[in-house]
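Each chain, written out:
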Amino acid sequence: MAAELGPVDLVINNAGVMLPSGVEEHRIADFEQMIEVNLTGAMRVVDAFVDPLVAAAKRGGPSDLINISSIGAHGVFPTFAVYCATKAAVTHLSRNLRAELGPKHVRVSVVEPGFVNTELQSHMTDEAAKAWIAEARQQITWLTADDLASTIAFTAALPRHVNLAHVTIMPTQQV
């Protein structure tokens, strides 16, 4: 694939699943799925692309790893404990990866969006959480995928010596 598309110098690490439920519901399979996708999956992407990113940086060009987390990394929301914990782990992982890869000229950034109009919420089964999300969708204008893409493009387009390490992007009306 590298022969066809060129060397890897930009990785957008954006996998996630959000399956809120109260801990007393004992939905261990949902908890495990969120940990596997949101954290282990993110680390597998890092593992798959760290060598090409370091090689791109050695060639003197830009080299970016941009991890997508969530404002949930800092939030406290009933029934979202495991989701928030996995996103906090992605944010913290990004800080540590930046410390490790930054000296090698690989920029590591974490983007923490608020409400974004994607399919993420469509997988939820918790009725109270679905109602809360539906109400929020009616009350405020959510971000679009294009809003996020513009922010990521801006981050990656900065000069090689500039690393926008942490970006929080939210709808203006989201508290």
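Everything quoted here is computed from the prediction, not taken from an experiment.

(A) Summary view of unusual backbone geometry. Positive phi values are uncommon outside glycine, yet H26 reaches one of about 55°. Positive phi outside glycine occurs at H105, with the angle close to 70°. Within the element layout of this structure, H105 appears in the loop between α3 (81-101) and β3 (107-113). The exposure class assigned to H105 is partly exposed, which follows from its relative accessible area of 45%.

(B) Fine view of helix α4 (residues 127-139). When the terminal C-alpha atoms of α4 are compared, their 18 Å separation across 13 residues agrees well with the 18 Å that a helix rising 1.5 Å per residue should span. Of the residues making up α4, those classed as buried are A129, I133 and A136. Each buried residue of α4 lies within a common arc of 60° when the element is viewed along its axis, so the set occupies one face. Exposed side chains of α4 directed beyond 90 degrees from the buried face belong to E127, A128, Q138 and Q139.

(C) Region of interest: the pairing of strand β1 (residues 10-13). Because side chains alternate across β1, one face comprises the buried residues V11 and N13, and the other comprises L10 and I12, none of which is buried. Summarising the sheet, β1 and strand β2 (residues 64-68) pair through four bridges and their orientation is parallel. Looking across to β2, one finds that N13 is bridged to N67. What joins β1 to β2 is helix α2 (residues 28-58), and the crossover it makes is right-handed.

(D) Region of interest: empty space enclosed by the protein. The tally for this structure, following the rule as stated, stands at one cavity of 30 Å³ or more. Across the lining of the largest cavity, the residue classes break down as six nonpolar, no polar and no charged.

(E) Structural detail: the nonpolar core. M34, F80, Y83, F115 and W142 are the most contacted members of the largest nonpolar core, which has 16 residues in total. Residue assignment for this core shows that the elements contributing at least two residues are α2, α3 and α4. In contact with M34, other than residues within four places in its own chain, are V17, M18, L19, L39, V82, Y83 and T86. Counting residues in hydrophobic clusters, the runner-up holds eleven residues, among them L53, A57, L65 and L101.

Cut-offs used in this document
- Residues numbered from 1 in each chain as written.
- Predicted model: local features only at pLDDT ≥ 70, side-chain atom pairs only at ≥ 80, totals over all residues.
- Heavy atoms only, no water.
- Helix = DSSP H or I, 4+ residues; strand = E, 2+ residues; numbered from the N terminus.
- Buried < 20%, exposed > 50% of the residue type's maximum accessible area, 1.4 Å probe, protein only.
- Expected span 1.5 Å × (residues − 1).
- Arc of directions from axis to C-beta.
- Pairing = 2+ DSSP bridges.
- Right-handed = clockwise from strand over helix to strand, strands pointing away.
- 1 Å grid on protein atoms, 1.4 Å probe; cavity = no way out; pocket = protein on both sides within 12 Å on 5 of 7 lines; lining within 4 Å.
- Points joined across faces, edges and corners; volume = space filled by probe spheres on them.
- Nonpolar A, V, L, I, M, F, W, Y, C, P; charged D, E, K, R; others polar.
- Core = buried A, V, L, I, M, F, W, Y, C linked by side-chain atoms within 4.5 Å.
- Contact = heavy atoms within 4.5 Å.

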